[in-house]
Amino acid sequence: MNVLLLGSGGREHALAWKLAQAPSVTRLYAAPGNPGIAEEAELVALDATDHAAVIAFCQGNSIDLVVIGPEAPLVDGLADSLRAAGIPAFGPSRAAAQLEGSKGFTKDLCARANIPTGGYVRTRSIEEADRALTQFTAPYVLKADGLAAGKGVVIAESIEQAEIALADMFGGGFGEAGAEVVIEEFLHGEEASFFAITDGTTVIPFGTAQDHKQVGEGDTGPNTGGMGAYSPAPVLTQELQDRVMAEIIRPTVDTMRAEGMPYSGVLYAGLMLTAEGPKLIEYNCRFGDPECQVLMMRYQGDLAEMMLSCAKGELDETPPAFAPDTALTVVMAAKGYPGTPEKGGTIVLGACSSGAEANGAKVFHAGTAMKDGALVANGGRVLNVTAMGASVTQAKAKAYEALDRIDFATGFCRRDIGWKEVAREAADAG
Ligand code: AMP
Ligand code: GLY
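Right, let's walk through the structure included here. This one's a predicted model, so the numbers in the text were calculated from it and none came from an experiment.

## Focus on the site of ligand 1
Taken together, 14 residues form the shell around ligand 1, and within it Glu184, Glu185, Leu187, Glu191 and Glu282 come nearest. A distance of 3.0 Å separates a nitrogen atom of ligand 1 from a polar atom in the side chain of Lys143. Burial of ligand 1 by the protein amounts to 90% of the accessible area it has alone, namely 470 Å². Among the secondary structure elements, those contributing two or more residues to the shell around ligand 1 are strand 7 (140-144), strand 8 (153-156) and strand 16 (277-284).

In structure tokens:
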């Protein structure tokens, strides 16, 4: 089959790498892609917001499947436009993508379907929000309702801080996304991510992961899109995974279908493992970035075939095959991230350049570009250095060994990715 992949980050490089390995794929195109994706796919200049142009490309190039990587085109209804033109797309419709596009929508769905999550109030003005705050205790969790590139969540330690954040949100600090603000109960516990693939009816679990959202070591400092991740997440025991499927994922898929918004694609649940059991923090309507990179390192099936069967509503119940080993990825970001990242810094991959994989490690490109024949930084998160090992400790050692061979003077990374699990493994080893 011929496949078109949309997106340009590390997540899409990992998807491109796996799609290129799939026996079912004849030609792989990617738009807009990046220099890493260019090694796996033929890059085309297409703007995902121009639905007519994407459809015309698909029709002109006999595309059998479109894989939509990021959330914005999904929330914008690109999958609907493609399906209306008879082109199979991996990813949910605009209506179903509300699970990520509107935090209030998801909270209301949880309430209707009795899905465990924190208590909440949806508010549309600062006055309403002020009144709602009195129902909660510190720390206060405030969320801009719409898409805010991972920056729409504020955890305020005091009422005063909450007031400042609310004034910013309703004052347009998050643009349209902040026209409504959801105030939520603060959940205590350890966070973990759970992935499922569904065609709207059939649902299969698709792996677990944990990521490090904060920029600083020891999980400190401002939130980012993610500074590293590993899969599987041992905290999500089989028993907990079964509960997540039964109490959170299946009721969501069943309710969406029953309400005329069948969800098709990957459903990514951000969970808090509380004393009362797993609770939903949020849904995403796409793979996590960088969680996708570690899932793809472990996935052993034909990704294109699986995605096409999902897109056609013919998903197989058979559990997907994953390597039992741990995959761990370390993000190299450009100095300044998550504020204003320094652009244009030179990167020399050396032994880690794609193809010549260092010690089994794989470097996925996120924000990179080619300038005058040289690889340069072109974004906040720049590279994802990913390795496999028999334990988190071993995968971590291999990832940093590869990372240390990369010359990227204007870049930085956290040195402690996987620390919680490394500590548990050390404790278990006695
Ligand atoms: P989100 O963008 O919804 O994933 O939120 C970003 C981060 O804020 C999450 O990864 C959590 O660390 C934290 N967070 C969000 N909601 C809650 C909550 N209700 N209780 C505790 N922490 C939360
Ligand atoms: N790494 C978190 C996310 O993709 O939302």
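## What about the site of ligand 2?
Taken together, the neighbourhood of ligand 2 is formed by Asp211, Gly225, Tyr268, Asn284, Arg286, Gly288, Asp289, Pro290 and Glu291. The contact in question runs from an oxygen atom of ligand 2 to an N or O atom on the side chain of Arg286, over 2.8 Å. Between ligand 2 and Glu291, the relevant distance is 2.9 Å, taken from a nitrogen atom to a side-chain nitrogen or oxygen of the residue. For ligand 2, whose accessible area on its own is 200 Å², the fraction buried by protein is 90%.

## Some words on the sheet that holds strand 6 (residues 120-123)
Taken in spatial order, the four strands make up an open sheet running 6-9-7-8, and their pairing is antiparallel. Two strands close off the open sheet at either side, each with one partner strand: strand 6 and strand 8. Looking at each pair of strands side by side, their axes are set apart by 20° on average, direction ignored. Bridging between strand 7 and strand 9 (residues 181-184) involves four bridges; their strand directions are antiparallel. Within strand 9, the residue paired with Lys143 across the bridge is Val182. Of the strands in this sheet, strand 6, strand 7 and strand 9 are in contact with helix 7 (residues 126-133), which crosses strand 6 at around 165°.

## Looking at the packing of aromatic side chains
Evaluation of the coordinates by the stated rule reveals eight aromatic pairs. Aromatic pair Trp17 and Phe364: ring centres 5.4 Å apart, planes at 75°, arrangement edge-to-face. Here the residue Trp17 occupies a position in helix 1 (residues 10-21), and Phe364 occupies one in strand 18 (residues 362-365), the gap between them amounting to 347 residues. Through a chain of ring-to-ring contacts, the aromatic side chains of Phe195, Phe206, Tyr268, Phe287, Tyr299 and Phe322 assemble into a single cluster.

Reading the values: the criteria
- Residues numbered from 1 in each chain as written.
- Chains lettered and ligands numbered in written order.
- Predicted model: local features only at pLDDT ≥ 70, side-chain atom pairs only at ≥ 80, totals over all residues.
- Heavy atoms only, no water.
- Near = heavy atom within 4 Å.
- Polar contact = N/O pair within 3.5 Å; in protein donor to acceptor, adjacent residues only side chain to side chain.
- Areas by Shrake-Rupley, 256 points an atom, 1.4 Å probe, with all protein chains shown as cover.
- Helix = DSSP H or I, 4+ residues; strand = E, 2+ residues; numbered from the N terminus.
- Pairing = 2+ DSSP bridges.
- Axes fitted to C-alpha atoms, helices over the stretch in contact; angles between N-to-C directions.
- Contact = heavy atoms within 4.5 Å.
- Phe/Tyr/Trp six-rings, centres within 6.5 Å; stacked < 30°, edge-to-face > 60°.

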